[in-house]
Amino acid sequence: MQRIAVLAGDGIGQETMPEGLRVMRAVAERFGLPLRFEEFDFANCRYYEQHGQMMPSDWKDQIGGHDAIFYGAVGWPATVPDHVSLWGSLLQFRREFDQYVNLRPARLMPGVRSPLAGRQPGDIDMWIVRENTEGEYSSVGGRMYPGTEREIVLQETVMSRVGVDRVLRFAFELAASRPRARLTSATKSNGIAITMPYWDERVEAMAAQYPGVGVDKFHIDILCAHFVQRPQHFDVVVASNLFGDILSDLGPACTGTIAIAPSANLNPTREWPSLFEPVHGSAPDIAGKGIANPIGQIWAGAMMLDFLGHRAAHDAVMAAIETVLADPAAPKTRDLGGSASCTQLGQAIAEAAKIGA
Ligand code: NAD
Ligand code: IPM
Ligand code: MN
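Residues numbered from 1 in each chain as written. Chains lettered and ligands numbered in written order. Predicted model: local features only at pLDDT ≥ 70, side-chain atom pairs only at ≥ 80, totals over all residues.

An unreviewed UniProt entry annotates the protein as D-malate dehydrogenase (decarboxylating) of Pelomonas lactea. The heading Sequence similarities (unreviewed entry) in the UniProt record of the protein holds the text "Belongs to the isocitrate and isopropylmalate dehydrogenases family." Taken from UniProt, the Catalytic activity (unreviewed entry) comment for the protein reads in full: "(R)-malate + NAD(+) = pyruvate + CO2 + NADH". (UniProt positions renumbered as here; feature names shortened; annotations may be inferred.)

Attention now goes to the overall build of the protein. The helix and strand tally for the protein stands at 12 helices and 12 strands. In summary, the protein has a C-alpha radius of gyration of 20 Å against a globular reference of 21 Å for 357 residues, a match within 12%. Dimensions of the protein, computed from C-alpha atoms along their principal axes, come out at roughly 55 × 50 × 40 Å. Here the contacts in the protein between residues at least 6 apart in sequence split such that 75% fall between residues at least 24 apart. (Helix = DSSP H or I, 4+ residues; strand = E, 2+ residues; numbered from the N terminus. Rg over C-alpha atoms; globule rule 2.2 N^0.38 Å. Contact = placed C-beta atoms within 7 Å.)

Within the structure, ligand 1 sits among 23 residues, and Gly-75, Ala-259, His-280, Gly-281 and Ala-283 are positioned closest to it. When grouped by side-chain class, the residues that make up the shell around ligand 1 number 12 nonpolar, 7 polar and 4 charged. (Near = placed C-beta within 6 Å. Nonpolar A, V, L, I, M, F, W, Y, C, P; charged D, E, K, R; others polar.)

It is worth spelling out the site of ligand 2 at this point. In the vicinity of ligand 2, the residues found are Leu-86, Leu-91, Asp-245, Ser-263, Val-279 and Gly-281. Of the residues that constitute the shell around ligand 2, the class distribution is 3 nonpolar, 2 polar and 1 charged.

Okay, the environment of Ala-348 next. On the secondary structure map, Ala-348 appears in helix α12 (residues 342–355). A sequence separation of 249 residues divides Ala-348 from Gln-99, and the C-alpha atoms of the two residues are 32 Å apart. Look past the residues within four positions of Ala-348 in its chain and what remains in contact with it is Val-324, Ala-330 and Pro-331.

Looking now at the sheet that holds strand β10 (residues 236–239). The mixed open sheet is built from 10 strands, whose spatial order is β2-β1-β3-β12-β11-β4-β5-β10-β8-β9. Two strands bound the open sheet, and with one partner strand each, they are β2 (35–39) and β9 (214–219). Neighbour-to-neighbour, the strand axes of this sheet turn through a mean angle of 20°, independent of strand direction. For strand β5 (residues 125–131) and β10, the ladder comprises 4 bridges, and the chain directions are parallel. Bridged to Ile-128 within β10 is Val-237. Along the sheet, helix α6 (residues 161–176) makes contact with β4 (101–107), β5, β8 (182–187) and β10, crossing β5 at roughly 165°. (Pairing = 2+ DSSP bridges. Axes fitted to C-alpha atoms, helices over the stretch in contact; angles between N-to-C directions.)

Their axes nearest at 10 Å, the elements helix α8 (residues 220–229) and helix α9 (residues 241–254) cross at an angle of 15°. The angle between α8 and α9 falls in the class roughly parallel. Two packed elements cross with a definite hand, and for α8 against α9 that hand is right-handed. Counted together, Ile-220, Cys-224, Phe-227 and Val-228 of α8 and Phe-243, Leu-247, Leu-250, Gly-251 and Cys-254 of α9 form the full contact between these two elements. (Parallel < 35°, antiparallel > 145°, perpendicular 65-115°, else oblique. Left-handed = near helix turned anticlockwise from the far one by under 90°.)

As structure tokens, then:
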């Protein structure tokens, strides 16, 4: 039996997670998968309001032995500051479970209109590999002379050789396995003149071990422009924690909606559970209305199935998502130009996944 810890989180996480689970259960039944979903009501802001912290002190014992974590979205800034809720939950998981790869596809799907003129499915099909445990997301720093004219805040970027090399290796391996075998590195070594030249240096060292992979690099500013103007160029894009965060909203936005994009926080050694979630957040502006698009959650579930060894079930979920997106008569949420509810779209995908698309 594979045990999956389920944390719905805040806002629309409460709406997308039931649809994610609906589809997971549909394929678990169809393929006879030995999956057990166990729901935990922490790592959300309601828990914080009751307990003054995001999670119980034994959270690592409670979910650290599971085979995977399926997360919704977290954050409710009306009651808990974002840095408190996120550093008390998601960012803890990434670090404590050493989920050093954040793998995020951006793919233009059939039936979805890109905001970029003239783009067809196939034109945008990239994997963003984001470093997920160090870099700009560091807790090294502080505030000096608080409340005075001399007040100073500083936060260091941390790059370790182990930390950089392991995510680069993952990205190069992924690129080497793809037909186009192209890897793009996001840098900013012209301005950020210590850590980013180091990043470039490690990319060059790794590239020497992968002669079959075509490598290029762009500074993050022009890279953002290229994402918009020639997204077809990109295959695997590897980036530091912050640059990867930005690119993994920009890439999916170029494919029509950020709401379909999934995020796999991987611990490739499998010493700890990996975590699967949508890229998007808790969307307080639409929470409670039942109009959220559940596809990011469902696609994240598909990546979880793949990571757990259930490739056929992953393929069935992806085929179901594509069939429903491509069918003009199928339900679509508002971000996709329709008027269906989160539940209606989730049900349609679950039905397609059950019967085989
Ligand atoms: P967001 O992704 O929550 O929302 C951005 C915009 O996209 C909003 O207009 C929202 O309505 C829309 N949107 C997002 N997901 C959607 C979906 N599934 N269907 C339809 N529309 C969708 O980003 P934000 O507003 O910057 O952040 C809101 C909260 O979420 C904050 O607390 C933030 O810290 C948190 N956050 C959490 C995660 C996470 O859990 N991984 C990721 C990003 C933001
Ligand atoms: C994401 C989110 C998080 C991040 C936030 C909510 C801390 O934007 O998963 O992309 O920056 O990693
Ligand atoms: Mn983000």
